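Summary of the model geometry
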Amino acid sequence: MGVIESVKKGFSVAAKSMNVVSILFVFGLAWNLVNIFFFPDPQSTTPPSTQQTIVIVAAGLVFILLTIFMQGGSMGYVRDLVKQGSASLDSFKSSGGKYYLRLLAVGLIVGVIIGVVVLGAAVIVALVKDRSQVIAITGVIAALLLVSAGIYAILLMFFAPYIVVADEKKAIEAIKASVATVRNHILKVVGIFVVLVLIGFLVGVVIGALYALASVAIKGKAAQIIFAVLSSFVNAFLGLLVTGAFMHFYLAISNPNNNS
């Protein structure tokens, strides 16, 4: 299974799934509009009040919880499309609920690892901050090694959500299977990542340029709204592209007979 073949399949999946792209677009746009109209301006020097902070945190948590449903629904839909050549929105709705708790568990485990790594690195840097140059350099190196180990651990768990949906595994089983999968195919997995990141970067440059032009021609929140609409659609399409590419890759290496 080649890197380019999986990326091409991702494009094909996204192009054939405009109904799901539309759902993700509306979801993303709603969040972006909430940010524009209800959250404090990021460029403002005035810190948000306690009430605003509570609202922001609460809204962020709701968005994350809804995102998990969207993730499960998208993966279930893409799984059926890749394996069977067709899928329906019923698959999206049922998968979003069926795999919700398992995907939440995977997300919590990844979140704990990220938290431990960030906290550990911060503690190391704080401890060596006012020490001698040799100790400070050693501490920074130790912090970088810890962060690198954390990134590698997260990379090893990357396929866990796909395995939850594709193989009906529970969270811990999916994580164990993901570790073995990534280790056995590390170069191709990284290769797909690199290609998709480059695509995202190029698209981001174009979107940024368009936003800059719109900001010059259009004043106020209108330019932000235009950017929100455009970026929401692009993110929805790219999100399904990524899901399609990696779902196709996983199904191909785990059971070629089930991959169309």
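The notes below deal with the structure included here. Please read all numbers here as calculations on a predicted model, not as lab measurements.

Comments concerning the overall build of the protein
Broken down by element type, the protein carries ten helices and zero strands. Counting only C-alpha atoms, the protein reaches 60 × 50 × 35 Å along its principal axes. Evaluated residue by residue, the protein yields a buried proportion of 36% over its 260 residues. Within the protein, residue pairs in contact and separated by at least 24 positions form 75% of the contacts whose partners lie at least 6 positions apart. As displayed, the protein has an accessible area near 14400 Å², and 72% of this comes from carbon and sulfur atoms. Charge separation in the protein, taken as the distance between the mean sites of 17 positive and 8 negative side-chain charges, equals 2 Å.

Details of helix 7 (residues 160-167)
Across the eight residues of helix 7, seven count as buried, placing the element largely inside the fold. Every buried residue belonging to helix 7 is among Ala160, Pro161, Tyr162, Ile163, Val164, Val165 and Ala166, and all of these are buried. Those residues of helix 7 that are buried lie in contact with helix 3 (50-84), helix 5 (100-128), helix 8 (171-184) and helix 10 (221-254). Once helix 7 ends, the next one or two residues include Glu168, with phi positive near 60°.

Quick notes on a nonpolar patch on the surface
There is a patch of nonpolar side chains on the surface, built from Val206, Leu210, Leu213 and Leu230 and spanning about 350 Å² of accessible area. Counting residues per element, the nonpolar patch draws most heavily on helix 9 (residues 186-217), at three residues. With respect to the secondary-structure elements, Leu230 resides in helix 10. On the basis of relative accessible area, Leu230 is assigned to the partly exposed category, the value being 32%.

Overview of the pattern of salt bridges
In this structure the tally under the stated criterion is three salt bridges. For Arg79, the salt bridge identified is with Asp80, shortest N-O distance 3.0 Å. Just as Arg79 is buried, Asp80 falls in that class too. A salt bridge links Glu168 to Lys98; the shortest N-O distance between them is 3.3 Å. Taken together, the residues Glu168 in the loop between helix 7 and helix 8 and Lys98 in helix 4 (residues 89-98) connect sequence positions 70 residues apart.

A closer look at the layout of surface pockets
Empty space within the largest pocket amounts to approximately 880 Å³. Lining the largest pocket are 30 residues, and of these Thr67, Gln71, Met75, Gly239 and Thr243 lie nearest its centre. Residue assignment for the lining of the largest pocket shows that the elements contributing at least two residues are helix 2 (18-38), helix 3, helix 5, helix 7 and helix 10.

Some points on the side chain of Ser232
Here Ser232 is to be found in helix 10. For Ser232, a relative accessible area of 2% translates into the label buried.

A short note on the nonpolar core
Formed by 57 residues in total, the largest nonpolar core has its most connected members in Phe159, Val164, Ile192, Leu196, Leu240, Phe246 and Met247. The leading source of residues in this core is helix 10, at 13 residues. Look past the residues within four positions of Phe246 in its chain and what remains in contact with it is Phe158, Phe159, Tyr162, Val189, Ile192, Phe193 and Leu196.

Notes on the packing of aromatic side chains
Considering all chains together, one arrives at 15 aromatic pairs under this definition. Residues Phe158 and Phe193 carry aromatic rings whose centres are separated by 4.8 Å and whose planes lie at 65° to one another, so their mutual orientation is edge-to-face. Here Phe158, found in the loop between helix 6 (133-156) and helix 7, pairs with Phe193, found in helix 9; they are 35 residues apart in sequence, far enough to count as distant. The class for Phe158 is partly exposed, based on a relative accessible area of 21%. Taking the relative accessible area as the measure of exposure, Phe193 reaches 26% and is therefore partly exposed. Judged by centre distance (5.9 Å) and plane angle (35°), the ring pair of Phe159 and Tyr250 falls under tilted. One end of the pair, Phe159, is in the loop between helix 6 and helix 7; the other, Tyr250, is in helix 10, with 91 residues separating them in the sequence. You can call Phe159 buried: its relative accessible area is 0%. Given the relative accessible area of 5%, Tyr250 is considered buried. An aromatic cluster of three or more residues is present, and its members are Phe158, Phe159, Tyr162, Phe193, Phe246, Phe249 and Tyr250.

Cut-offs used in this document
- Residues numbered from 1 in each chain as written.
- Predicted model: local features only at pLDDT ≥ 70, side-chain atom pairs only at ≥ 80, totals over all residues.
- Heavy atoms only, no water.
- Helix = DSSP H or I, 4+ residues; strand = E, 2+ residues; numbered from the N terminus.
- Buried < 20%, exposed > 50% of the residue type's maximum accessible area, 1.4 Å probe, protein only.
- Contact = heavy atoms within 4.5 Å.
- Areas by Shrake-Rupley, 256 points an atom, 1.4 Å probe, with all protein chains shown as cover.
- Lys, Arg positive; Asp, Glu negative; His and termini not counted.
- Charge placed at Lys NZ, Arg CZ, Asp CG, Glu CD.
- Patch = residues over 30% accessible without salt bridge, like charges linked within 9 Å, V, L, I, M, F, W, Y side chains within 5 Å.
- Salt bridge = Lys/Arg side-chain N within 4 Å of Asp/Glu carboxyl O.
- 1 Å grid on protein atoms, 1.4 Å probe; cavity = no way out; pocket = protein on both sides within 12 Å on 5 of 7 lines; lining within 4 Å.
- Points joined across faces, edges and corners; volume = space filled by probe spheres on them.
- Core = buried A, V, L, I, M, F, W, Y, C linked by side-chain atoms within 4.5 Å.
- Phe/Tyr/Trp six-rings, centres within 6.5 Å; stacked < 30°, edge-to-face > 60°.

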